[in-house]
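# Examining the three-dimensional arrangement
Each chain, letter by letter, is given below.
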Amino acid sequence: MFGRKKNLEEDHAPQADKQYEKKYTDDSFWDKVVKFAKTAGREVIEKALWLYYAAQQPNTPLWAKTAIYGALGYFISPIDAIPDITPVVGYADDLAVLAAAVATVATYITADVKERAAEKLRGWFGA
């Protein structure tokens, strides 16, 4: 029974998340966010920041961090279902993946996490 916890946590992270989780780095996350913030739009960047800051919280469990880093890995990956350079819809797939991760780990996206993201967004997008 006690050895089962690890397997349950792994079961919560889809295989695709694990593929993208391996590609995630803090540097590549910040490079993409800073470079494409205005192009991707406030909503996409907001979700990415919520996830990023939630992953930094010590009370966020491993299964949630795995889901978060999988989604952020997909976000920063140059290979998408819809290429980011495609006008108008280029970030639609990124938003869908980020929104799914937000829904999955919503409990760990606290008011503090949202405020940290809001501060960063105000710096990039204004009030």
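Everything that follows concerns the structure shown earlier in this document.
In this text, all values refer to a predicted model and were calculated from it rather than measured experimentally. (Residues numbered from 1 in each chain as written. Predicted model: local features only at pLDDT ≥ 70, side-chain atom pairs only at ≥ 80, totals over all residues. Heavy atoms only, no water.)

## Looking at the packing of aromatic side chains
Aromatic ring pairs are defined here through the distance separating the ring centres and the angle between the ring planes. Summed over the entire model, instances satisfying the criterion amount to seven aromatic pairs. Taking the centre distance of 4.9 Å and the plane angle of 5 degrees together, the rings of Phe29 and Tyr52 count as stacked. Of this pair, Phe29 sits in helix α3 (residues 26-40) while Tyr52 sits in helix α4 (residues 42-56), placing them 23 residues apart in sequence. Overall, the relative accessible area of 9% leaves Tyr52 in the buried class. (Phe/Tyr/Trp six-rings, centres within 6.5 Å; stacked < 30°, edge-to-face > 60°. Helix = DSSP H or I, 4+ residues; strand = E, 2+ residues; numbered from the N terminus. Buried < 20%, exposed > 50% of the residue type's maximum accessible area, 1.4 Å probe, protein only.)

## Brief notes about the nonpolar core
The biggest cluster of nonpolar side chains holds 33 residues, and the ones touching the most others in it are Phe29, Leu51, Leu72 and Phe75. For this core, the secondary structure elements donating two or more residues are α3, α4, α5 (62-76), α6 (92-104) and α7 (111-125). It is α4 that contributes the most residues to this core, ten residues altogether. Beyond its immediate stretch of four places on either side in the chain, Phe29 contacts Tyr24, Ala48, Leu49, Tyr52, Leu72, Phe75 and Ile76. (Core = buried A, V, L, I, M, F, W, Y, C linked by side-chain atoms within 4.5 Å. Contact = heavy atoms within 4.5 Å.)

## Overview of the packing of α3 against α7
Their axes nearest at 10 Å, the elements α3 and α7 cross at an angle of 45 degrees. Compared by their axis directions, α3 and α7 come out oblique. Viewed along their axes, α3 and α7 form a crossing whose handedness is right-handed. Touching Trp30, Val33, Val34, Ala37 and Lys38 of α3 are Lys120, Trp124 and Phe125, all from α7. Looking at the contact of α3 with α7 residue by residue, the class counts come to six nonpolar, no polar and two charged. (Axes fitted to C-alpha atoms, helices over the stretch in contact; angles between N-to-C directions. Parallel < 35°, antiparallel > 145°, perpendicular 65-115°, else oblique. Left-handed = near helix turned anticlockwise from the far one by under 90°. Nonpolar A, V, L, I, M, F, W, Y, C, P; charged D, E, K, R; others polar.)

## Some points on the environment of Ala99
Positionally, Ala99 belongs in helix α6. Here Ala99 falls in the partly exposed class, since its relative accessible area comes to 33%. Sequence separation of Ala99 and Ala48 is 51 residues, and the distance between their C-alpha atoms is 8.9 Å.

## With respect to α4
The end-to-end C-alpha distance of α4 is 21 Å, a good match for the 21 Å that 15 residues give at a rise of 1.5 Å each. By the criterion of burial, α4 is predominantly enclosed, with eleven of the 15 residues buried. When we look at burial in α4, the residues that qualify are Val44, Ile45, Lys47, Ala48, Leu49, Trp50, Leu51, Tyr52, Tyr53, Ala54 and Ala55. Looking at the buried positions of α4, the neighbouring elements they touch are α3, α5, α6 and α7. (Expected span 1.5 Å × (residues − 1).)

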